[in-house]
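Each chain, letter by letter, is given below.
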Amino acid sequence: MKEIPEALVAADVESWSDEFDVVVVGFGIAGGCAAVSAAAGGARVLVLEKAAAAGGTTAMAGGHFYLGGGTAVQEATGHPDTAEEMYKYLVEVSREPDLEKIRAYCDDSVEHFNWLEALGFQFERSFYPGKVVVPPGTEGLSYTGNEKVWPFTEKAKPAPRGHSVPVPGELGGAAMVIDLLLKRAEELGVTIRYEVGATNLIVDGGAVVGVKWKHFGETGCVKAKSVIITAGGFAMNPEMVAEYTPALGRKRRTKHHGEVEPYILGNPNDDGLGIRMGVSAGGVANGMDQLFITAAAYPPEILLTGVIVNNQGQRFVAEDSYHSRTSAFVLRQPDQQAYLIVDEAHMEMPAMPLIQFIDGYETIAEAEEALGIPAGNLAATLQRYNENAAKGEDPDFHKQPEYIAAQDTGPYAAFDLSLGIAMYSGFTMGGLTVSLDGEVLRADGSVIAGLYAAGACASNIAQDGEGYASGVQLGEGSYFGRRAGTHAAAR
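Residues numbered from 1 in each chain as written. Predicted model: local features only at pLDDT ≥ 70, side-chain atom pairs only at ≥ 80, totals over all residues. Heavy atoms only, no water.

Caption draft 1: Fine view of the sheet that holds strand β20 (residues 425-428). Sheet architecture is open: three strands sit in the order β13-β20-β15, paired in mixed fashion. On the outer flanks of this sheet lie β13 (263-264) and β15 (291-294), each paired with one strand and no other. Judged from the four bridges that link them, β15 and β20 form a sheet pairing that is antiparallel. By the bridge assignment for β20, Thr 294 is matched with Ser 425. (Pairing = 2+ DSSP bridges. Helix = DSSP H or I, 4+ residues; strand = E, 2+ residues; numbered from the N terminus.)

The following block contains the structure:
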């Protein structure tokens, strides 16, 4: 990791501009929840926000929170759930499950749901039944992960856990929660300074005791009993992306515009500085090569009745998987190439064409030749799929029955899911190793006194795209942000 800022020594600081109990670096969902929780615990809190307004990447998010265990929305819509089933599911989909964190997150999920609503809004007590990326209306609950996807259906009882804030549409729903957190922060006397970026941590022995800040040409140092880093991931740092998550930096070839930059989900300040500051004080970054990257093949969900194959004509994933799970499997295929094949009876153009329509073919043999798939391979895959589909089965990938349908009515449409062709977008998943209460840990597992991290710059439950569900980052960012703020205040 390059460009690690120097940790400054407290004895070398000539004067302190301020003194606070807790300094929070960044006001997104994690920082906002940390700040109000620390203030509610009696701490004097300062937030340093590099941007001109609060929100960070959260303000751009659709507004899903992954919550369960029997929330009021689940109960009202007839979707019973328990903390135990939620726990079993999250353990199964996690790359390296931290059992203590997952247990706490699930056991406290209903309480956390109630805490979020107490900020001053209500999740609508309604359910969206379809398979979409973001529900089109204001429905409060939908399936947003792989709960109904094999093999997870055999590990835990499926329940919808994607709780959407009552703002219609794709982007910005979570900004409403940020506004409510700002209101609460003001009521609790939190000081927020905008266009003031943290640049370095200040240490005394093995403990963090403050932060150096920069506001245009002006600099200063704030003394603090605790510092909470909630400054986002590193998707906007081209050097770090090239080093850790090169797929995120892969340019896309288009028919009319040549090569196009990848679409990164984030704000300009997702530059990894928070992670690098944590490392400067002795922290350890974990899972830095993990990413969320996706080009959704749905809606419309009828397309998922087709088959997704690699350039050898072989299926490799259940087509009804959550979109970033499918995409994670695409990235593992030869040359990172994949195609969705559907027949005329199940063909519908995507509402948001993130995957690229290639062409229609009268026969499978023509499709194989055009796509460079070895002759006979796709035909054999489709024959097996169709024979099983006629019986309503999918013994190879166990797709849900509503997505199983024989593809035997030509002509056939092909869509390109390949990296560098489809419109992939994404963000980084790695972050600082932290305790259950957000304390940043050294390589030996010891706590760096006075230093916390939460949200996208910490490694908690959201670990990779393969096991991700929409709402996990807002869910865990808010929950672990609260824990970090509460713990820091108690110091």
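Alright, that's what it looks like, and here's the rest.
Caption draft 2: Representation of the packing of helix α11 (residues 364-371) against helix α12 (residues 377-390). Remark: α11 packs on α12, axes separated minimally by 8 Å, with the N-to-C direction vectors making an angle of 130°. Between α11 and α12, the angle falls in the class oblique. The hand of the α11/α12 crossing is right-handed. From α11, Ile 364, Ala 367 and Glu 368 reach across to α12, where they touch Asn 377, Leu 378, Ala 379 and Leu 382. Residues that form the contact of α11 with α12 fall into these classes: five nonpolar, one polar and one charged. (Axes fitted to C-alpha atoms, helices over the stretch in contact; angles between N-to-C directions. Parallel < 35°, antiparallel > 145°, perpendicular 65-115°, else oblique. Left-handed = near helix turned anticlockwise from the far one by under 90°. Contact = heavy atoms within 4.5 Å. Nonpolar A, V, L, I, M, F, W, Y, C, P; charged D, E, K, R; others polar.)

Caption draft 3: Here's a closer look at the packing of aromatic side chains. Taken as a whole and judged by the stated rule, the model has 13 aromatic pairs. Measuring from centroid to centroid gives 6.1 Å for Tyr 89 and Phe 152, while their planes differ by 80°, and the two rings are edge-to-face. Of this pair, Tyr 89 sits in helix α3 (residues 83-93) while Phe 152 sits in the loop between β5 (141-142) and β6 (162-164); the two residues are 63 residues apart in sequence, bridging distant segments of the chain. Phe 152 shares its class with Tyr 89; the two are buried. Put simply, the rings of Phe 65, Phe 113, Phe 121 and Phe 123 touch in pairs and so form one group of aromatic residues. If you follow Arg 44 out to its NZ or CZ, it ends over the ring of Phe 20, 4.5 Å from the centre. Directly above the aromatic system of Tyr 143 lies the positively charged group of Lys 148, at a separation of 4.5 Å from the ring centroid. (Phe/Tyr/Trp six-rings, centres within 6.5 Å; stacked < 30°, edge-to-face > 60°. Buried < 20%, exposed > 50% of the residue type's maximum accessible area, 1.4 Å probe, protein only. Lys NZ or Arg CZ within 6 Å of the ring centre and 35° of its normal.)

Caption draft 4: Fine view of helix α9 (residues 273-280). Across the eight residues of α9, seven count as buried, placing the element largely inside the fold. What α9 keeps buried is the set Leu 273, Gly 274, Ile 275, Arg 276, Met 277, Gly 278 and Ser 280. Looking at the buried side of α9, the elements it contacts are β8 (197-204), β10 (218-229), α7 (238-244), β14 (285-286), β21 (431-433) and β23 (447-453). Of the residues trailing α9, Gly 282 is marked for its positive phi of about 110°.

Caption draft 5: Structural detail: the pairing of β8. Counted residue by residue, β8 has six buried out of eight residues, so it is predominantly covered. Pairing of strand β1 (residues 8-9) with β8 involves two bridges; the strand directions are parallel. Counted as the bridge partner of Leu 8 is Ile 202 from β8. Pairing of β8 with strand β9 (residues 207-215) involves seven bridges; the strand directions are antiparallel. Looking at the pairing, Ala 198 lines up with Trp 213 of β9.

Caption draft 6: Inspection of the nonpolar core at higher detail. One finds Val 45 and Leu 90 to be the most contacted residues of the largest nonpolar core, which totals 125 residues. Other than its neighbours up to four places away in sequence, Leu 90 contacts Tyr 66, Ile 102, Tyr 105, Cys 106 and Ile 461. Membership of the second largest hydrophobic core comes to 14 residues, among which are Ile 341, Tyr 361, Ile 364 and Ala 367. (Core = buried A, V, L, I, M, F, W, Y, C linked by side-chain atoms within 4.5 Å.)

Caption draft 7: Spatial organisation of the pairing of strand β19 (residues 412-416). Among the five residues in β19, five count as buried, and that is most of the element. Residues Tyr 412, Ala 414 and Asp 416 point to one face of β19 and Ala 413 and Phe 415 to the other, with burial holding for every one of them. Of the strand pairs in this sheet, strand β17 (residues 338-343) and β19 are connected by five bridges, and their pairing is antiparallel. Considered in β19, the bridge of Asp 343 is made with Tyr 412. As paired strands, strand β18 (residues 356-361) and β19 are joined by five bridges and run antiparallel to one another. Among the inter-strand pairings, Asp 359 is bridged to a residue of β19, identified as Ala 414.

Nothing here speaks to function; it is all geometry.
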